[in-house]
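Chain by chain, the residues:
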Amino acid sequence: MAQNLYVVNSTDDLEDIDLSDSICADKNGNCTLRAAIQNANKSRLKDKITFDLDVEGVKTINLKEGLPAIKYGIIIQGTEPGKKITYHNCIVIDGSQIDQTAHLPEDIQQRSAFNLAKNANGSVISGLAFRAFGNQAIFVDSDENIIQNNIFGFPIKDSLKINKYGLWVYGHKNLVGGYLPHEKNYFFGNIAGVALTGTENSIIGNDFGYDAHEEKVIGNTSGITLNASTRNNLISHNLISGNTIGLQLFGPGNRVFKNKIGTDHSGSKKIGNQFGIIVSECYGSTIGEANLGNLISGNEVGILIDPFQRTTGISNFSRTKFQNVQIKGNKIGTDITGKFPLGNRNGIALKYSGGILIGGLTAKEANLISGNQESGILLLDAFENIVAGNRIGTDISGTYPIANTAGIWISSEEHQGFSELNVIKNNHISGNSEVGIYVGDRVSKLSIQSNIIGYNASHAVNPSNQHAGIIIRSTAPDICIGGEEKEAFNLLSGHAYGLVLPNLWDARSLIEDKNLIHNNTIDFHDQEGLPLNLEFAISHIPYLNKILTREWLVFEIQTQRLNQERITWWQKNIDNMPD
């Protein structure tokens, strides 16, 4: 048997008058969308529905109730093949007249436009606009469907025209969008543009929140939400800008590649989301990859990793360790070229979270984290994270500054816990306006090794951090700056103050409390900006550090002299220590 073709020629919402025949016709003899679906449900042949509506401009089908669930594979095509949908000449499926108070078991069907049921695999829905659905415009409970070239929401900020969800996908291996311009979907003004619950789905090449044609923001509350049960999905080549939350990640194994999050299509103009990406309760997921990084700029927070999505302090302290969550190869705070600032307020913020890798072992895995108004990376009550191999505060070449205020800021909320067991390694941290690395209160077991903080090793034109290389406020135990192996040495050079320690008395506690400041090249000062007494530095900053005075004189501290010099200095100065 051949595939059946049904041509919708009426905007009425009437049923087929006689389903026992092979004709799509309501009581007026017209083929409505509802009647076409009723007839297609009689066949397993992947029937096709097209439209020939004798109406100029926007053509609106006002539904009185949800359309019948689609039982089998179907093709519903609102535009000619290859033709891009526009607002001014499209077919709109409107749900504003559906009873939004219905709470029946089949509520999903009652309040949706299309419901692709479990056996409707391989369906294609394209070229339509959906608005004013109190549940979701399209509910996908089947697999390997294609949703392309549709508009979810409408390009006006009208609360009566929004969908609760544009698209909810329970099924698997579905494609939403595509790489060609006429394949993308548009999601505007929905509470959630796309919600995923199924696995191995692909969300590719769509626009969420920013209307590039009209150059205006019609944001979703959430552009894309991957729920806890979803896994192994691909989010790629989308424009996600102008939303409260751009992308929300739950669930394992998801990949986020080559998206523009917070900018326009050119990657040169700031549009912004409040949160570009929020990561909660997921593992084995990757944001960016070598040569496949995202542009995440112009947001309040570029990436927030917080298992509880908290933005303020909490009374009951708890933390979550993620497994194998990686952030690599992204530009965070710059434009698409990596040469100009397009900052977030904070680039990456980790709150109460552990087990995150920011960066990687190769140059292609490095993130460029520059141009952010506050911190490039904020670690707050964070633990067992690795920040490795990134450029923080420079342009893409590492030559010119694109300043964050602070490159990396590590601290703890008051009375909450510790930031501990974090590793800062092999990064180039230069060009930041205040400080390369700030170590605040309640930070312990921190390792800072093999970083270039300021100029590079040849003192070339690379920008320094303007105020200080490292500021240590914490007097907590087990902070390691440098190490015994040559590969662990840091270079702190070219700043007003290379290393700023607490005041003289606290500095003594810092050094004696199992901290190691070893084999670095450093200019030492206290928190008042005053150079530490050189004899103090020689006797209390041990192990072969090069201490640079303002005159750039270099003193080698030899371990064999260390103990005697320490004793001598303490004998001379112990009476002058502050209370």
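All values reported here derive from a predicted model rather than from experimental measurement.

Caption draft 1: Layout of the overall build of the protein chain. Within the protein chain, the secondary structure is distributed over five helices and 54 strands. By residue count, 60% of the 579 residues in the protein chain fall in the buried class. Carbon and sulfur atoms provide 49% of the accessible area of the protein chain, an area that totals close to 23000 Å².

Caption draft 2: Representation of the nonpolar core. Residues Phe-114 and Phe-130 are the most contacted members of the largest nonpolar core, which totals 88 residues. At five residues, the largest contribution of residues to this core is made by helix H1 (residues 33-40). By size, the runner-up hydrophobic cluster in this structure holds 10 residues, among which are Tyr-87, Cys-90, Ile-151 and Phe-188.

Caption draft 3: Layout of H1. Taking burial as the measure, the eight residues of H1 include eight buried ones, the bulk of the element. Residues Leu-33, Arg-34, Ala-35, Ala-36, Ile-37, Gln-38, Asn-39 and Ala-40 constitute the buried set of H1. On its buried face, H1 sits against strand E1 (5-8), strand E2 (47-51), strand E3 (59-62), strand E4 (74-77), strand E5 (91-94) and strand E6 (114-116).

Caption draft 4: Main features of unusual backbone geometry. Phi is positive for Lys-46, close to 55°, though the residue is something other than glycine. Here Lys-46 lies in the loop between H1 and E2.

Caption draft 5: Summary view of the layout of surface pockets. In this structure, the largest pocket spans a volume of roughly 690 Å³. Gly-293, Asn-294, Gly-329, Asn-330 and Lys-331 are, among the 38 residues lining the largest pocket, the residues nearest its centre. In the lining of the largest pocket, the residues fall into 12 nonpolar, 19 polar and seven charged. Volume-wise, the second largest pocket comes out at about 320 Å³.

Caption draft 6: Focus on the confidence of the model for the protein chain. When the pLDDT values of the protein chain are averaged, the result is 83; 79% of them are 70 or greater. Low pLDDT, under 50, characterises residues 310-316; the predicted model gives this stretch 12 contacts beyond four residues in sequence or across chains. Ignoring residues within four places in sequence, the model shows residues 510-515, a span with pLDDT below 50, making 22 contacts including any to other chains.

Caption draft 7: Summary view of the environment of Asn-30. On the secondary structure map, Asn-30 appears in the loop between E1 and H1. By relative accessible area, Asn-30 is classed as partly exposed at 25%. Setting aside residues no more than four positions away along its own chain, Asn-30 makes contact with Asn-9, Ser-10, Cys-24 and Ala-25.

Caption draft 8: Spatial organisation of the pairing of strand E9 (residues 136-140). A large share of E9 lies buried, amounting to five of its five residues. Where E6 meets E9, three bridges bridge the pair, whose relative direction is parallel. For Phe-114, the partnering residue across the bridge sits in E9 and is Ile-138. Looking at chain direction, E9 and strand E12 (residues 165-169) are connected through four bridges and run parallel. Of the residues in E12, the one forming a bridge with Val-140 is Val-169.

Caption draft 9: Just the pattern of salt bridges, in detail. A full pass over the atoms with the stated rule returns 10 salt bridges. For Arg-34, the salt bridge goes to Glu-65, with nearest N and O atoms at 3.9 Å. One end of the pair, Arg-34, is in helix H1; the other, Glu-65, is in the loop between E3 and E4, and 31 residues separate them in sequence. As a salt-bridge pair, Arg-345 and Glu-374 come within 3.4 Å of each other at their nearest N and O atoms. Of the two residues, Arg-345 sits in the loop between strand E31 (331-332) and strand E32 (346-351) while Glu-374 sits in the loop between strand E34 (368-369) and strand E35 (375-380), which places them 29 residues apart along the sequence. Here Glu-374 falls in the partly exposed class, since its relative accessible area comes to 36%. Counted as one network, the salt bridges with shared partners bring together Asp-13, Arg-34 and Glu-65.

Caption draft 10: Region of interest: the packing of aromatic side chains. The final tally for this structure, using the stated rule, is 10 aromatic pairs. Ring plane angle 20° and centroid distance 5.7 Å describe the contact between Trp-168 and Tyr-170, whose orientation is recorded as stacked. For Trp-168, a relative accessible area of 16% gives the class buried. Classification of Tyr-170 by relative accessible area gives partly exposed; the value is 37%. Each member of the aromatic cluster is reached from another via a ring pair, and the members are Phe-114, Phe-130, Phe-152, Phe-187 and Phe-208. Directly above the aromatic system of Phe-418 lies the positively charged group of Arg-442, at a separation of 4.8 Å from the ring centroid.

The rules we used
Residues numbered from 1 in each chain as written. Predicted model: local features only at pLDDT ≥ 70, side-chain atom pairs only at ≥ 80, totals over all residues. Heavy atoms only, no water. Helix = DSSP H or I, 4+ residues; strand = E, 2+ residues; numbered from the N terminus. Buried < 20%, exposed > 50% of the residue type's maximum accessible area, 1.4 Å probe, protein only. Areas by Shrake-Rupley, 256 points an atom, 1.4 Å probe, with all protein chains shown as cover. Core = buried A, V, L, I, M, F, W, Y, C linked by side-chain atoms within 4.5 Å. Contact = heavy atoms within 4.5 Å. 1 Å grid on protein atoms, 1.4 Å probe; cavity = no way out; pocket = protein on both sides within 12 Å on 5 of 7 lines; lining within 4 Å. Points joined across faces, edges and corners; volume = space filled by probe spheres on them. Nonpolar A, V, L, I, M, F, W, Y, C, P; charged D, E, K, R; others polar. pLDDT = per-residue confidence, 0-100. Pairing = 2+ DSSP bridges. Salt bridge = Lys/Arg side-chain N within 4 Å of Asp/Glu carboxyl O. Phe/Tyr/Trp six-rings, centres within 6.5 Å; stacked < 30°, edge-to-face > 60°. Lys NZ or Arg CZ within 6 Å of the ring centre and 35° of its normal.

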